[in-house]
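# Coordinate inspection notes
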Amino acid sequence: MPIFQNQATLYTNDSVTRSNVAVGEINEALMLTKTAIMDDYVQNDDVTYVISLINTSDSTVTGITLTDDLGAYTFGEGGDETTLYPLEYTEGSVTYYQNGVLQTAPTVTGTQPLVITGISIPANGNAMIIYEATATVFADPRVDGTIINTVSAASGTITATASESINTEDRADLTISKFITPDTLSEGDEVTYTFIIQNHGNTEATTADGVYIVDTFDPALIITSVQIDGDTFTGYTYEDDVFTTNVGVITVPAATAEQDPVTGAWIIVPGVTTLTVTGTI
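The structure presented is a predicted model; accordingly, all values stated were derived computationally and were not measured. (Residues numbered from 1 in each chain as written. Predicted model: local features only at pLDDT ≥ 70, side-chain atom pairs only at ≥ 80, totals over all residues. Heavy atoms only, no water.)

## Overview of the nonpolar core
- Counting 33 residues, the largest nonpolar core has Leu32, Ile51, Leu53, Leu66, Ile116, Ile129 and Tyr131 as the members making the most contacts within it.
- Mapped onto this core, the elements with two or more residues apiece are β3 (30-36), β5 (46-55), β6 (61-68), β9 (87-89), β13 (114-121), β14 (126-135), β15 (146-155) and β16 (158-168).
- The element contributing the most residues to this core is β14, with 5 residues.
- Setting aside residues no more than four positions away along its own chain, isoleucine 51 makes contact with Leu32, Thr33, Lys34, Leu66, Ala127, Met128, Ile129, Tyr131 and Val151.
- Core analysis: the second largest hydrophobic core is formed by 17 residues, Val191, Ile197, Ile228 and Leu275 among them. (Core = buried A, V, L, I, M, F, W, Y, C linked by side-chain atoms within 4.5 Å. Buried < 20%, exposed > 50% of the residue type's maximum accessible area, 1.4 Å probe, protein only. Helix = DSSP H or I, 4+ residues; strand = E, 2+ residues; numbered from the N terminus. Contact = heavy atoms within 4.5 Å.)

## Some words on the confidence of the model for the protein
- Across the protein, the average pLDDT comes to 93, with 97% of residues at 70 or higher.
- Here strand β2 (residues 16-25) is the element of the protein with the lowest mean pLDDT, 73, and β9 is the one with the highest, 98. (pLDDT = per-residue confidence, 0-100.)

## Let's talk about the pattern of salt bridges
- In the structure shown here, the tally under the stated rule is 5 salt bridges.
- Of the charged contacts in the structure, one is a salt bridge between arginine 171 and aspartate 173, with a shortest N-O distance of 3.9 Å.
- With a relative accessible area of 30%, arginine 171 lands in the partly exposed category.
- Two residues, aspartate 215 and lysine 178, come together in a salt bridge whose shortest N-O distance is 2.4 Å. Of this pair, aspartate 215 sits in strand β19 (residues 214-216) while lysine 178 sits in strand β17 (residues 174-181), placing them 37 residues apart in sequence.
- In this structure aspartate 215 comes out as buried when scored by relative accessible area, which is 13%.
- Relative accessible area serves as the criterion here: at 38%, lysine 178 is assigned to the partly exposed category.
- Each of the salt bridges in this network shares a partner with another, and the network as a whole consists of Glu169, Arg171 and Asp173. (Salt bridge = Lys/Arg side-chain N within 4 Å of Asp/Glu carboxyl O.)

## A look at unusual backbone geometry
- A cis geometry characterises the amide bond from glutamine 112 onward to proline 113, with omega recorded as 0°.
- Within the secondary structure, proline 113 sits in the loop between β12 (107-111) and β13.
- Residue proline 182 is bonded to the preceding threonine 181 through a cis peptide linkage, with omega at -10°.
- The topology assignment puts proline 182 in the loop between β17 and β18 (190-199).
- Of note, leucine 70 is a non-glycine position whose phi angle comes to about 55°, a positive value.
- Within the secondary structure, leucine 70 is located in the loop between β6 and β7 (73-75).
- Despite not being glycine, aspartate 241 has its phi angle at roughly 70°, a positive value.
- When you line up the elements, aspartate 241 lands in the loop between β22 (236-239) and β23 (242-245).

## Concerning the pairing of β16
- Across 2 bridges, the pairing between strand β4 (residues 40-41) and β16 is parallel. In the sheet register, tyrosine 41 faces β16, and the bridge partner there is threonine 168.
- Here β15 pairs with β16 via 10 bridges, running antiparallel. From the neighbouring strand, alanine 153 faces β16, where its bridge partner is alanine 160.
- Hairpin connection between β15 and β16: a loop of 2 residues separates the two successive antiparallel strands, and glycine 156 in this loop has a positive phi of roughly 65°. (Pairing = 2+ DSSP bridges.)

## Some details on the sheet that holds strand β20 (residues 222-228)
- On the basis of which strands lie adjacent, the open sheet formed by 5 strands has the order β17-β18-β26-β20-β21 and antiparallel pairing. Looking at which strands have only one partner, the edges of the open sheet turn out to be β17 and β21 (231-232).
- Bridge count for β20 against β21 is 2 bridges, and the pairing is antiparallel. Of the residues in β21, the one forming a bridge with isoleucine 228 is aspartate 231.

## Looking at a negative patch on the surface
- Taken together, the side chains of Asp218, Glu239, Asp240 and Asp241 make up a negatively charged region of the molecular surface.
- Within the fold, aspartate 218 resides in the loop between β19 and β20.
- Look at aspartate 218 and you get exposed, because its relative accessible area is 70%. (Patch = residues over 30% accessible without salt bridge, like charges linked within 9 Å, V, L, I, M, F, W, Y side chains within 5 Å. Areas by Shrake-Rupley, 256 points an atom, 1.4 Å probe, with all protein chains shown as cover. Lys, Arg positive; Asp, Glu negative; His and termini not counted. Charge placed at Lys NZ, Arg CZ, Asp CG, Glu CD.)

## Description of the environment of threonine 9
- By secondary structure assignment, the location of threonine 9 is in strand β1 (residues 3-11).
- Beyond its immediate sequence surroundings of up to four residues, threonine 9 is in contact with Val16, Thr17 and Arg18.
- Looking at threonine 9, its side chain comes within polar contact range of the side chain of arginine 18, at 3.0 Å. (Polar contact = N/O pair within 3.5 Å; in protein donor to acceptor, adjacent residues only side chain to side chain.)

In structure tokens, the structure reads:
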């Protein structure tokens, strides 16, 4: 609650006398907090926000409008400046409670920024607004990337603001693809299986991540060469036609990210590790 102070001054012809300092406290009629259910993000993931409003007055506060800037920031310079939104409201996701009782959803009148109208809070009661947003291509995906967004509530002369900060989920994010060369061959021909492991995450997949590959070669393969990124690879077993790499011997570099200088979108280039197994069938 804000505390205020003031002091009076008494003047006479030849003296100045000051009063004691009077101290007062303003009980805010409207208190606002904002909380993200999960405090981290990756691009295209949903983030759920909970807005809590408390009315400490003896009268119902009506006609409240919530405005969430969705983490908006300015990109570019001079005449090329534009506003980018690292979060995008998920249509139809808003729910509204008064004193814990579900109410008819309020009206969303804008999405960039997000504007929600028609909210009321009972006297000495509370309201809660919950909605989801998606991390967009304008959300910084790098290690220690952050989205800070601020919500404000206003009803006549009554206002309140609150902010919430979430950070990138720093982790490896792997996918694997497999190719056969050539894809048409005869018995006894040489064939190469190529495994391409991509890391779309912002941290390296290290030995501690315990990455390994299991593949049953059918038809059976007489292995003549195994390589990883062009170098001879021996960290595997091959028994009963099952090819298995040792746990943790495969690492994959982190993805790199650059912000497009024109659009402001973050472009992610995955890190890649390539394993090839060559043999005859």
